[in-house]
Amino acid sequence: MNVPVATRPTPPIGTDERSQVLGEFRDIRRSRGRWRFRLALLGPAFVVAVAYVDPGNVATNVEAGARTGYMLVWVVVLANIMALLVQYLSAKLGLATGRNLPEQCRELAPPWLSRLLWAQAELVAMATDLAEFAGAALGLSLLFGMPIPLAALVTAVVSFAVLACQQRGCRAFEIAVMALLFLVLAGFAYDLLTVGHQSAAGAAAGLVPHLSGEDTALLAVAIVGATVMPHAVYLHSALTQRRVRTNTSGDQRFLLRYLRIDCALGFTIAGAVNLGMLCLSAALFRHTAWGDLDAVTAAHTDLGRTVGGGAAMAFAVALLASGISSASVGTYAGQVVMQGFLRRRIPLFARRLVTMAPALLVLCVGLPITSTLVFSQVVLAFGIPFVLFPLVVITRRRDLMGPLTNRPATTAAGALVCALVVCLNAYLIVTMV
């Protein structure tokens, strides 16, 4: 679709629209070989998948495995299935409309509602930044014995360096983030293989949905919040909205096939990492009397004692990589939210300074890190319906989506995901009252 210059949306991230796209569909196809062309279409889902293995995921999965064993395996699996559907809808919205989800909400909703959605999105972004900085700082502390406040400052500097890759174009940033994602995968895979003592029967029993009390309900909500992350949903639509420019519905359908492949690969990897975290924790703490231990720190200590220093180092490196990569992705998402809802934009690095300030303050106070991480993910869970409902409503509108409009079954599945999240949040509130 050719968009007139006067009405073309402002690029959501970065400083130059050319750095956000690969180019015209047919030009890319002609200029690259068959496999290079196909590989070039992959990437956005892997960037977003980094948010699904951030320190909030590490904390909730490790805490869940330590406290409940394999009981919440079903929550991890279900949350990743829901995330795959939600992210697919978000990516499809950007591809079909040339606008991201916040921009669509601003255009379609009354001004007061658009501002309300922006305000809650910013609160969710603060909770996300808290998890990312706390996790990366803890990773540095575990690796080098660095004080947490100093480690948080180092994390900020490194995240700036990753963001600088964006100035070299979207592909450079995607490759940098994908490399960090695979580093996280390698670290937790190594630990899972070296620990052993996995119970296939226990994991299979954990696929049966059940909860038992306030603690498991809290952890279940935190796992969902850590997986179906609102800021990741906003971001995915921005990453696909003008990445490859198309002129025909046939080109859009072709790109949609690779969008599905991109989502399937990226979120399958993220789901496997999340499941591995929980199983690793369940194996580590299977004979441990649970008290007031900090689960993440205790997991690192137990790995060093029972397996060896290499396993403990792999755990800390994976935690650090997850924090650095997800912090950079979170900053992108925050820029998309502000520009989309308010048509306002601040320099990317200035936003990084603003959003990390609350996280640095919390870390300097000295609150228990794992508990803080888990609480931040509960906050995210309560923000999910505010992004899911508009997403499902918009993607079912043929006047906006054209040939990529949702099928009735897809809309029903999206509505079901929204209902499940609301019910789980309500269940937590009931159990805590």
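Values in this document were obtained by computation on a predicted structure and should not be read as measured data. (Residues numbered from 1 in each chain as written. Predicted model: local features only at pLDDT ≥ 70, side-chain atom pairs only at ≥ 80, totals over all residues. Heavy atoms only, no water.)

Side note on the overall build of the chain
1) Next: A count of helices and strands for the chain gives 19 helices and 2 strands.
2) Next: Within the span of the chain, comprising 433 residues, buried residues form 59% of the whole.
3) Next: When contacts within the chain are restricted to residue pairs at least 6 apart in sequence, those whose partners lie at least 24 apart make up 85%.
4) Next: Accessible area of the chain: about 17300 Å², with a carbon and sulfur share of 67%. (Helix = DSSP H or I, 4+ residues; strand = E, 2+ residues; numbered from the N terminus. Buried < 20%, exposed > 50% of the residue type's maximum accessible area, 1.4 Å probe, protein only. Contact = heavy atoms within 4.5 Å. Areas by Shrake-Rupley, 256 points an atom, 1.4 Å probe, with all protein chains shown as cover.)

Considering the side chain of S376
1) Next: If you trace the backbone, S376 turns up in helix α17 (residues 369-395).
2) Next: Within polar-contact distance, the side chain of S376 engages the side chain of Q377 at 2.8 Å. (Polar contact = N/O pair within 3.5 Å; in protein donor to acceptor, adjacent residues only side chain to side chain.)

Quick notes on the nonpolar core
1) Next: Judged by nonpolar contacts, the single largest core of 134 residues is most densely connected at L72, L101, F188 and V224.
2) Next: No other element matches the 16 residues that helix α15 (residues 309-342) contributes to this core.
3) Next: The residues contacting L72, other than those within four sequence positions of it, are A64, L211, T216, L219, A220, I223 and L278. (Core = buried A, V, L, I, M, F, W, Y, C linked by side-chain atoms within 4.5 Å.)

So, helix α12 (residues 230-240)
1) Next: The buried fraction of α12 is high, at 11 of 11 residues.
2) Next: Along α12, the positions that sit buried rather than exposed are P230, H231, A232, V233, Y234, L235, H236, S237, A238, L239 and T240.

Side note on the pattern of salt bridges
1) Next: Per the counting criterion, the structure on display carries 5 salt bridges.
2) Next: Between E63 and R67 there is a salt bridge; the shortest N-O distance is 2.9 Å. Remark: R67 and E63 occur in helix α4 (residues 55-68); sequence separation between them is 4 residues, near one turn of the helix.
3) Next: The shortest N-O distance in the salt bridge between R106 and E107 comes to 3.0 Å.
4) Next: Note on R106: relative accessible area 18%, which makes it buried. (Salt bridge = Lys/Arg side-chain N within 4 Å of Asp/Glu carboxyl O.)

Section: helix α19 (residues 408-432)
Because an α-helix completes one turn every 3.6 residues, residues spaced three or four positions apart along the sequence face the same direction.
1) Next: The terminal C-alpha atoms of α19, which comprises 25 residues, lie 36 Å apart, in line with the 36 Å expected from a rise of 1.5 Å per residue.
2) Next: Taken together, the buried positions of α19 are occupied by T410, T411, G414, V417, C418, V421, L424, N425 and L428.
3) Next: Elements that come into contact with the buried residues of α19 comprise α5 (73-97), α11 (214-227) and α17. (Expected span 1.5 Å × (residues − 1).)

Quick word on the packing of helix α6 (residues 101-108) against α17
1) Next: Closest axis-to-axis distance for the α6/α17 pair is 11 Å, and the angle between their directions is 80 degrees. Here α6 lies roughly perpendicular to α17, going by the angle between them. Contacts between α6 and α17 involve L101, Q104, C105 and L108 from the first element and V387, P390, L391 and I394 from the second.
2) Next: Here the contact of α6 with α17 is built from residues that sort into 7 nonpolar, 1 polar and no charged. (Axes fitted to C-alpha atoms, helices over the stretch in contact; angles between N-to-C directions. Parallel < 35°, antiparallel > 145°, perpendicular 65-115°, else oblique. Nonpolar A, V, L, I, M, F, W, Y, C, P; charged D, E, K, R; others polar.)

Observations concerning a positive patch on the surface
1) Next: Residues R253, R257, R260, R398 and R407 make up a contiguous surface patch of positive charge.
2) Next: Top element by residues in the positive patch is helix α13 (residues 249-284). It accounts for 3 residues.
3) Next: Take R257: its relative accessible area is 44%, and that puts it in the partly exposed class. (Patch = residues over 30% accessible without salt bridge, like charges linked within 9 Å, V, L, I, M, F, W, Y side chains within 5 Å. Lys, Arg positive; Asp, Glu negative; His and termini not counted. Charge placed at Lys NZ, Arg CZ, Asp CG, Glu CD.)

Description of the environment of T227
1) Next: Structurally, T227 can be placed in helix α11.
2) Next: On a C-alpha basis, the gap between T227 and A83 in space is 6.6 Å, while along the polypeptide they are 144 residues apart.
3) Next: For T227, the contacting residues outside a window of four places in its chain are Y52, N57, A79, N80 and A83.

Description of the packing of aromatic side chains
1) Next: Applying the stated criterion across every chain, the model contains 5 aromatic pairs.
2) Next: With centroids separated by 5.7 Å and ring planes inclined at 85 degrees, the aromatic side chains of F188 and F315 adopt a geometry described as edge-to-face. Here F188, found in helix α9 (residues 170-195), pairs with F315, found in helix α15; they are 127 residues apart in sequence, far enough to count as distant. Each member of the pair, F188 as well as F315, carries the same accessibility label: buried. (Phe/Tyr/Trp six-rings, centres within 6.5 Å; stacked < 30°, edge-to-face > 60°.)

Describing the confidence of the model for the chain
1) Next: For the chain, mean pLDDT is 80; residues scoring 70 or higher make up 83% of the total.
2) Next: When mean pLDDT is compared element by element in the chain, α6 scores highest at 93, while helix α1 (residues 25-31) scores lowest at 54.
3) Next: Under a pLDDT of 50 for its full length, residues 1-19 has, in the predicted model, 45 contacts with residues more than four places off or in other chains. (pLDDT = per-residue confidence, 0-100.)

Details of the packing of α4 against α11
1) Next: The contact between α4 and α11 brings their axes to 9 Å, and the two run at 155 degrees. On the basis of the axis angle, α4 is roughly antiparallel to α11. Our pair here, α4 against α11, has a crossing hand that is left-handed. Of the residues in α11, those touching α4 at G56, N57, T60, N61, E63, A64, R67 and T68 are D215, T216, L219, A222, I223, A226 and T227.
2) Next: Classifying every residue of the contact of α4 with α11 gives 5 nonpolar, 7 polar and 3 charged. (Left-handed = near helix turned anticlockwise from the far one by under 90°.)

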